[in-house]
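# Structural description and commentary
Spelled out, the chains give:
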Amino acid sequence: IYIIGLGPNDSQTLKLIIKQYSAKIIARTKEHPAIDFLEQNNILFETCDKFYTESDNFENTYNNIASYILETAEENDVMYLVPGHPMV
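### Overview of the overall build of the protein
Across its full length, the protein carries four helices and four strands. Walking the protein from its N terminus toward its C terminus, one meets helices and strands in the order β-α-β-α-β-α-α-β. Against the globule reference of 12 Å for 88 residues, the protein gives a C-alpha radius of gyration of 13 Å, in line with a compact fold. Counting only C-alpha atoms, the protein reaches 35 × 25 × 25 Å along its principal axes. Expressed as a percentage of the 88 residues in the protein, the buried residues total 35%. Taking the intrachain contacts of the protein between residues at least 6 apart in sequence as the baseline, contacts between residues at least 24 apart amount to 59%. Averaged over its 6 positive side-chain charges, the protein has a centre that lies 9 Å from the centre of its 13 negative ones.

Okay, structure coming up:
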């Protein structure tokens, strides 16, 4: 599992990272400017937005996201894209 902070939208860095690793790309949310880069370059990805609508509270939401990431990582390398600075 590679956890990648998207920062403010450094698409050049994101492009380099995506090329470097062969992994299933899962974004925490589609609500980030860097997601436009993925869509414009026809890079396959999925988001975890569904988990926010399926649960009543954030604790369950984040537990469900974590479980999904871990289950997916059993069969694939996963690149998990999160809002936040890439150096953190």
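### A look at the nonpolar core
Counting 14 residues, the largest nonpolar core has Leu14, Ile18, Leu38, Met79 and Leu81 as its most contacted members. For this core, the secondary-structure elements that each account for two or more residues are helix H1 (11–20), strand E2 (24–27), helix H2 (34–40) and strand E4 (78–82). Setting aside chain neighbours within four positions, we find Ile18 in contact with Ile25, Phe37, Leu38, Ile43 and Met79. Within the second largest apolar cluster, nine residues are counted, among which are Cys48, Ile65, Val78 and Val82.

How each quantity is defined
- Residues numbered from 1 in each chain as written.
- Predicted model: local features only at pLDDT ≥ 70, side-chain atom pairs only at ≥ 80, totals over all residues.
- Heavy atoms only, no water.
- Helix = DSSP H or I, 4+ residues; strand = E, 2+ residues; numbered from the N terminus.
- Rg over C-alpha atoms; globule rule 2.2 N^0.38 Å.
- Buried < 20%, exposed > 50% of the residue type's maximum accessible area, 1.4 Å probe, protein only.
- Contact = heavy atoms within 4.5 Å.
- Lys, Arg positive; Asp, Glu negative; His and termini not counted.
- Charge placed at Lys NZ, Arg CZ, Asp CG, Glu CD.
- Core = buried A, V, L, I, M, F, W, Y, C linked by side-chain atoms within 4.5 Å.

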